[in-house]
Amino acid sequence: MTGAAAATQSAAPSQQRQRRERPSTLALILNNRLAAVGLGILAVVVLAALAAPILPLADPDATDPANRLAPLFSAGHLLGTDALGRDMLSRLIWGTRVSLLVGFSASLIAAFFGSAIGLVAGYAGGRADQVLMRLIDLMMAFPYILLALAIVAILGPGLINALYAIAIVNVPFFARNIRGITVGLARREFVDAARLSGKGPLRILWSDIMPNVLPTIVITLSTTVGWMILETAGLSFLGLGAQPPQADLGSMLGDGRKVMFTAPTISLVPGLMIFLIVVSINLIGDGIRDALDPRLRSGALARPSFRTRMAKDRRRPQEEPIPADTSGGGHPGADRAGWNNEDHRDEAPILAVRDLRTDFHMGSEIYHATGGVDLVIRPGECLGLVGESGSGKSVTAMSIMGLVPSPPGVIAGGRIGFKGEDLAEASDRRIRQLRGGAVSHVFQDPLATLHPLFCVGDQIVEAIRAHQPLSRRDAETKARELLDLVRIPNAAQRMKALPHELSGGLRQRVSIAMALANDPELIIADEPTTALDVTVQAEVLRLLDELRRERNTAVLFITHDFGVVSEIADRVAVMYAGRIVETGRTEEILTQPAHPYTRMLIDCVPVMGEPERRLDAVPGRPPAVNRLPPGCAFADRCPRVEADCRTGEIPLEDKRGSLQARCLHPLSPGEALSGGATSKGSQGGKPHRPEPRYPGAHAQGTSP
Ligand code: ADP
Ligand code: MG
């Protein structure tokens with residue numbers, strides 16, 4: 001096993017390093033200052049309790065009537081003595097040991113049996129669930145502490161019986177919690193898959209459901225241990241737990257009660273200890289809960305911010321202001337990204353992104369998700385942003401409206417010009433006004449972005465009324481018109497439908513209707529058709545294309561599929577490792593790209609009627625964006641790589657026609673890639689251009 005471990009270690013050192021860069025659970029707990037304080041207090045208390053046998057303590061049960069009720073700090077008795085002359089410090093430490101032991105044991109027992117019942121009931125469902133849950137309900141019908149008292153009354157007083165009683169009354173708590181989660185999990189696809197693979201129910205419970213439930217068990221446990229220690233102390237206080245002369249915190253408190261007025265410290269000392277233990281455990285429990293939630297782990301919810309954080313030193317000193325109208329200004333090379341577009345050359349851009357740099361700060365590492373992106377989109381124009389998964393397309397799109405979660409996201413630099421206004425400098429108020437108003441988003445998965453519990457009509461009405469002072473009735477009329485506009489049949493009826501009642505295509509139409517609700521000037525569509533099947537995809541694309549032409553809306557269309565790009569985009573920007581590597585008019589990019597990466601992406605698109613054409617995936621993997629190599633980021637995967645590709649910055653330069661590429665050895669028109677992963681199957685290395693997959697979609701669009 002160690003051999004194998006060593007092998008993987010040497011094989012994937014970077015992977016190991018990466019794992020370490022994600023904060024560990026302990027690091028996250030310690031990062032939470034209150035939890036760290038709790039952990040510190042509890043560690044001291046537990047260490048003292050564990051060390052009780054070896055500490056130079058007096059016998060906790062040895063009475064010394066001559067020396068009774070000695071005050072604090074008296075000779076030989078740091079915390080004084082109790083009514084029978086027993087050393088308080090010794091009793092406190094031994095008593096804490098007993099209380100912690102009983103409290104933790106009771107919690108573990110309750111967690112074990114409660115979770116087991118919850119798992120079985122939730123997974124089995126049906127009658128087993130009914131019977132188990134009604135029994136649990138029966139237990140929950142009794143007031144909690146009375147039930148514990150009744151159990152001890154039956155079993156007889158004593159520490160072990162108190163432990164059982166506390167454990168039993170806490171079983172329902174775990175059972176209910178865990179059952180609820182298990183019911184949800186038992187119907188998930190990965191559990192179905194496990195069933196299909198032939199696993200038995202016990203193995204599914206153990207290997208598929210248990211790991212998903214474990215964080216909840218740990219969280220519930222960490223937040224209930226404190227309670228259980230308190231309850232154990234309560235039973236002992238009433239004389240039903242620890243029996244004299246044995247000390248535990250509850251019985252010490254009980255002893256102190258009798259001399260409350262003459263010697264208050266005797267009850268204060270154990271009381272304070274109970275307080276410290278319970279508070280510290282609760283603080284740790286909160287810390288554990290935060291740390292184990294995967295969303296908190298990535299930092300997304302740690303301090304949810306309205307807007308992506310902007311780095312203070314965002315502006316580079318030599319930067320000039322954003323040109324309000326023309327294509328001029330800024331830094332010359334990159335500025336021209338897309339300016340050569342004949343159709344839209346004279347119009348002022350709707351969106352002009354310059355040198356956008358968005359970073360993710362993960363532990364000590366900085367990932368440059370976008371490393372200086374330049375984009376320009378003019379009214380009525382559709383820019384296709386293409387690239388492999390992880391190339392930074394979504395981060396680019398989300399940065400525009402400050403939607404990248406912070407932490408860990410930071411906009412480290414660049415300018416985001418929206419109709420001449422720098423959004424990086426705009427106020428939060430202004431951003432809120434623009435979001436869903438002049439700039440709207442359509443995302444990949446409408447099931448995730450639509451509210452599951454409101455009918456779609458209400459959601460569109462809400463989107464309208466967030467930006468327009470319309471009465472509810474007017475907004476409803478408008479919502480119905482929007483549903484008509486996106487060709488949803490029976491719009492009036494569909495207004496009342498819940499998202500899950502609609503098919504994927506209809507849902508995406510609803511998202512588009514919502515995006516159109518406030519007559520946006522820019523629609524950012526992030527893989528809006530990726531989750532749809534091809535025929536529905538074609539319809540949605542056609543719809544989007546028609547709508548933007550009718551309304552002269554600019555569209556930033558993100559996709560990883562060149563087949564889709566050819567349907568809708570006027571211009572294409574190809575992204576790799578956080579940077580634009582090639583841009584130009586769609587026709588030109590598709591027929592004679594200059595950058596080898598673009599060529600490879602295009603070669604990945606299947607062609608109807610050419611089944612013998614071999615589809616080669618682009619070999620290799622993109623580099624990690626925290627340690628980009630010098631020179632071209634694509635060099636390691638490029639068949640045309642030469643020595644100069646690996647040195648120095650490679651600018652985005654004019655190549656031919658409208659094409660600009662970040663490449664020192666670009667392809668000439670008609671040239672196919674030699675060696676490795678190219679269109680070997682296509683005859684004579686003839687460069688291949690993806691045909692519009694859905695005849696008519698493009699032709700229709702070009703008419704106006
Ligand atoms: P895509 O091109 O597939 O849309 P993304 O823009 O989503 O890619 O991601 C670009 C890079 O940013 C990826 O390396 C991804 O791991 C990283 N990234 C995206 N979102 C986050 C996040 N919330 N936290 C940390 N890293 C992120
Ligand atoms: Mg994406």
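As a starting point, this report considers the structure included with it. (Residues numbered from 1 in each chain as written. Chains lettered and ligands numbered in written order. Predicted model: local features only at pLDDT ≥ 70, side-chain atom pairs only at ≥ 80, totals over all residues. Heavy atoms only, no water.)

### Focus: the packing of aromatic side chains
A ring pair, where both rings are aromatic, is described by two values, the distance of the centres and the angle of the planes.
Stage number 1. Summed over the entire model, instances satisfying the criterion amount to five aromatic pairs.
Stage number 2. Their ring planes at 85° and their centres at 6.2 Å tell us that F173 and F174 sit as a pair that is edge-to-face.
Stage number 3. Residue F173 is classed as partly exposed on the basis of its relative accessible area, which comes to 39%.
Stage number 4. Three or more aromatic residues joined by ring pairs make a cluster, and in this case those are Y576, Y597 and F634.
Stage number 5. Over the aromatic face of F306 sits the side chain of R432, whose NZ or CZ is 4.6 Å from the ring centroid.
Stage number 6. One Lys or Arg, R435, reaches over the ring of F306 and ends 4.5 Å from the middle of that ring. (Phe/Tyr/Trp six-rings, centres within 6.5 Å; stacked < 30°, edge-to-face > 60°. Buried < 20%, exposed > 50% of the residue type's maximum accessible area, 1.4 Å probe, protein only. Lys NZ or Arg CZ within 6 Å of the ring centre and 35° of its normal.)

### So, a nonpolar patch on the surface
Stage number 1. Taken together, the side chains of I154, L155, I160, Y164 and I168 make up a nonpolar region of the molecular surface, amounting to roughly 500 Å² of accessible area.
Stage number 2. Mapped onto the nonpolar patch, the elements with two or more residues apiece are α7 (144-155) and α8 (159-186).
Stage number 3. With three residues, α8 is the single largest residue contributor to the nonpolar patch.
Stage number 4. Position of I154 relative to the elements: it lies in helix α7. (Patch = residues over 30% accessible without salt bridge, like charges linked within 9 Å, V, L, I, M, F, W, Y side chains within 5 Å. Areas by Shrake-Rupley, 256 points an atom, 1.4 Å probe, with all protein chains shown as cover. Salt bridge = Lys/Arg side-chain N within 4 Å of Asp/Glu carboxyl O. Helix = DSSP H or I, 4+ residues; strand = E, 2+ residues; numbered from the N terminus.)

### Brief notes about the packing of α7 against α8
Stage number 1. Contact geometry of α7 with α8 gives a least axis separation of 9 Å together with a crossing angle of 140°. The angle between α7 and α8 places the two elements in the oblique class. Considering how the two elements wind past one another, α7 and α8 form a crossing that is right-handed. Counting all contacts with α7, which are made through Y144, L147, A148, I151, V152 and L155, the residues of α8 involved are N161, A162, Y164, A165, I168, V169 and N170.
Stage number 2. Of the residues belonging to the contact of α7 with α8, the class tally is eleven nonpolar, two polar and no charged. (Axes fitted to C-alpha atoms, helices over the stretch in contact; angles between N-to-C directions. Parallel < 35°, antiparallel > 145°, perpendicular 65-115°, else oblique. Left-handed = near helix turned anticlockwise from the far one by under 90°. Contact = heavy atoms within 4.5 Å. Nonpolar A, V, L, I, M, F, W, Y, C, P; charged D, E, K, R; others polar.)

### Some details on the pairing of strand β5 (residues 409-418)
Stage number 1. The element β5 is extensively covered by neighbouring structure, given that ten of its ten residues are classed as buried.
Stage number 2. Inspection of the sheet shows strand β1 (residues 309-310) paired to β5 by two bridges, in the parallel sense. Looking at β5, one finds that M310 is bridged to I411.
Stage number 3. Taken together, the eight bridges between strand β2 (residues 351-362) and β5 define a ladder with antiparallel strand orientation. Note on β5: the bridge partner recorded for V353 is I416. (Pairing = 2+ DSSP bridges.)

### Some remarks on the site of ligand 1
Stage number 1. Taken together, 13 residues are adjacent to ligand 1, and G390, G392, K393, S394 and V395 come closest.
Stage number 2. Between ligand 1 and the protein, one listed contact pairs an oxygen atom with a backbone N or O atom of V395 at 2.8 Å.
Stage number 3. Contact with the protein chains covers 66% of the free accessible surface of ligand 1, which is 560 Å².
Stage number 4. Of all the elements in the fold, those that place two or more residues in the shell around ligand 1 are β2 and α15 (393-400).
Stage number 5. Per-element accounting of the shell around ligand 1 gives the leading share, three residues, to α15. (Near = heavy atom within 4 Å. Polar contact = N/O pair within 3.5 Å; in protein donor to acceptor, adjacent residues only side chain to side chain.)

### Concerning the environment of D359
Stage number 1. Looking at where D359 falls in the secondary structure, it is placed in strand β2.
Stage number 2. Not counting chain neighbours up to four residues away, the residues in contact with D359 comprise I366, Y367, H368, A369, P408, G409, V410 and A412.
Stage number 3. A distance of 2.9 Å separates polar atoms of two side chains, one belonging to D359 and the other to H368.

### With respect to the pattern of salt bridges
Stage number 1. Evaluation of the coordinates by the stated rule reveals 34 salt bridges.
Stage number 2. A salt bridge links D192 to R195; the shortest N-O distance between them is 2.9 Å. With D192 and R195 both in helix α9 (residues 189-196), this residue pair falls three residues apart, about one helical turn.
Stage number 3. Relative accessible area serves as the criterion here: at 33%, D192 is assigned to the partly exposed category.
Stage number 4. The shortest N-O distance in the salt bridge between R548 and D545 comes to 3.1 Å. Highlighted residues: R548 and D545, both in helix α22 (residues 534-551), separated by three residues, approximately one helical turn. Across the pair, D545 and R548 agree in class, each one buried.
Stage number 5. Among the ionic contacts, a cluster of salt bridges with common partners joins D61, D82, R86, R91, D255 and K258.

### Side note on the sheet that holds strand β12 (residues 653-654)
Stage number 1. Within the open sheet, the eight strands sit side by side as β7-β8-β9-β4-β10-β11-β13-β12. Their pairing is mixed. Of all the strands in the sheet, the pair left with one neighbour each is β7 (439-442) and β12.
Stage number 2. Across six bridges, strand β10 (residues 571-576) lies against strand β11 (residues 579-585) in antiparallel orientation. Bridge assignment links V572 to a residue of β11, and that residue is G584.
Stage number 3. Lying on the sheet, helix α25 (residues 596-603) is in contact with β4 (382-386), β10 and β11; it crosses β10 at an angle near 105°.

### A closer look at the nonpolar core
Stage number 1. With 74 residues, the main nonpolar core has I512, F557 and F562 as its most contacted residues.
Stage number 2. Sequence-distant contacts of I512, that is, excluding residues within four places in its chain, are made with V442, V486, V540, L543, L544 and L547.
Stage number 3. Grouped together as the second largest cluster of nonpolar side chains are 68 residues, A35, V169, I204 and V225 included. (Core = buried A, V, L, I, M, F, W, Y, C linked by side-chain atoms within 4.5 Å.)

### Brief notes about the state of the cysteines
Stage number 1. The final tally for this structure, using the stated rule, is zero disulfides.
Stage number 2. Not part of a disulfide, C632 finds its nearest cysteine sulfur in C645, a span of 6.1 Å. (Disulfide = S-S within 2.5 Å.)

### Remarks on the environment of S280
Stage number 1. Relative to the helices and strands, S280 is located in helix α12 (residues 265-292).
Stage number 2. The class of S280 is buried, set by a relative accessible area of 0%.
Stage number 3. Note: C-alpha distance between S280 and A36 (244 residues apart in sequence) is 9.1 Å.
Stage number 4. Leaving out residues up to four positions away in the same chain, S280 has contacts with G38, I41 and L42.

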